[in-house]
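# Coordinate analysis (summary)
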Amino acid sequence: MTVRVVVGGALCHEGRLLAARRSAPPELAGRWELPGGKAEPGESVPEALVRELREELGVEAEALERIPGEWPLRPGLVLHVWTARLLSGEPAPLEDHDELRWLGPEELDSVDWLDQDRPAVAEAGRRLRDGRAGRDGRAGHGERDGRDGRAERRERHTRSHGGA
């Protein structure tokens, strides 16, 4: 069986983690998660995270580092979580969510997280407390898509400015 990756984003900004409350499907509505979604065929997991955060929240973000571990969602789907840094925009619940909250490390237990997100949220909280989350912490545990951050930023700049 082919396993498809769902990527969750531990989106950190100013020492806080973004939590998103599900509005659908009914069995998940009202519970909180790290925003994200399925990687498409041919798309790297970091690229999928950037796309999903743009579609779901209307923000530009940069995937930084994979949080170690993977969590089964259902047969054929597994969750990978990456830390991400907010580059621009103000997150808004555009798809599949009805509320967003920025939570400090001491507030992470104040919402009812989906079970599969809990281990990654705990690790993101440790990183927030240590001051390691949301920075360009690329060295370490993460898988990489083979390009350095400068090349990725140049490519984004070129695309957003019409090749100029």
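This one's a predicted model, so the numbers in the text were calculated from it and none came from an experiment.

All right, on to the overall build of the chain then. When helices and strands are counted, the chain shows three helices and seven strands. Within the chain, counting contacts between residues at least 6 apart in sequence, those at least 24 apart form 67% of the total. Accessible surface computed for the chain: about 8,400 Å², of which carbon and sulfur atoms make up 49%.

Considering all chains together, one arrives at 19 salt bridges under this definition. Put simply, R51 and E43 hold a salt bridge, and the shortest N to O gap is 2.8 Å. Note on R51: relative accessible area 15%, which makes it buried. For the salt bridge of D115 with R118, the shortest nitrogen-to-oxygen distance reads 3.6 Å. The class of D115 is exposed, set by a relative accessible area of 51%. Members of the salt-bridge network, linked through shared partners, are R21, D98, E99 and R101.

Another aspect to go through is unusual backbone geometry. That bond from A24 to P25 is cis: its omega, -10°, falls within 30 degrees of zero. Mapped onto the fold, P25 is located in the loop between β2 (16–22) and β3 (32–33). Phi at E14 takes a positive value of approximately 50°, unusual for a residue other than glycine. Summarising the element assignment, E14 is placed in the loop between β1 (4–13) and β2. The backbone phi angle of D96 is positive, close to 70°, even though this residue is not glycine. Topologically, D96 is positioned in the loop between β6 (77–88) and β7 (97–103).

With 80% of its residues at a pLDDT of 70 or more, the chain shows a mean pLDDT of 85. Below pLDDT 50 for its whole length, residues 136–164 participates in 35 contacts with residues either more than four positions away or in separate chains.

With 13 residues, helix α2 (residues 118–130) should reach 18 Å at 1.5 Å per residue; the first-to-last C-alpha distance of 18 Å fits that figure. Residues of α2 that are buried sit in contact with β1, β2, β5 (60–74), β6 and β7.

Between its first and last C-alpha, helix α1 (residues 45–57) extends 18 Å over 13 residues, near the 18 Å set by a 1.5 Å rise per residue. Among the 13 residues that make up α1, ten are buried, leaving the element largely enclosed by the rest of the structure. Buried residues of α1: V45, P46, A48, L49, V50, R51, E52, L53, E56 and L57, and no others. Where α1 is buried, its residues meet β1, β2, β4 (36–38), β5, β6 and β7.

Roughly 540 Å³ of internal volume is contained in the largest pocket. Residue lining of the largest pocket: 25 residues in total, with V6, R22, L28, E33 and L73 positioned closest to the centre. Listing elements by their share of the lining of the largest pocket, those giving two or more residues are β1, β4, α1, β5 and β6. Tallied by class, residues from the lining of the largest pocket come to ten nonpolar, four polar and eleven charged.

Structurally, the position occupied by E65 is in strand β5. In this structure the side chain of E65 is engaged in a polar contact, spanning 3.3 Å, whose partner is the side chain of R127.

Scoring rules and cut-offs
- Residues numbered from 1 in each chain as written.
- Predicted model: local features only at pLDDT ≥ 70, side-chain atom pairs only at ≥ 80, totals over all residues.
- Heavy atoms only, no water.
- Helix = DSSP H or I, 4+ residues; strand = E, 2+ residues; numbered from the N terminus.
- Contact = heavy atoms within 4.5 Å.
- Areas by Shrake-Rupley, 256 points an atom, 1.4 Å probe, with all protein chains shown as cover.
- Salt bridge = Lys/Arg side-chain N within 4 Å of Asp/Glu carboxyl O.
- Buried < 20%, exposed > 50% of the residue type's maximum accessible area, 1.4 Å probe, protein only.
- pLDDT = per-residue confidence, 0-100.
- Expected span 1.5 Å × (residues − 1).
- 1 Å grid on protein atoms, 1.4 Å probe; cavity = no way out; pocket = protein on both sides within 12 Å on 5 of 7 lines; lining within 4 Å.
- Points joined across faces, edges and corners; volume = space filled by probe spheres on them.
- Nonpolar A, V, L, I, M, F, W, Y, C, P; charged D, E, K, R; others polar.
- Polar contact = N/O pair within 3.5 Å; in protein donor to acceptor, adjacent residues only side chain to side chain.

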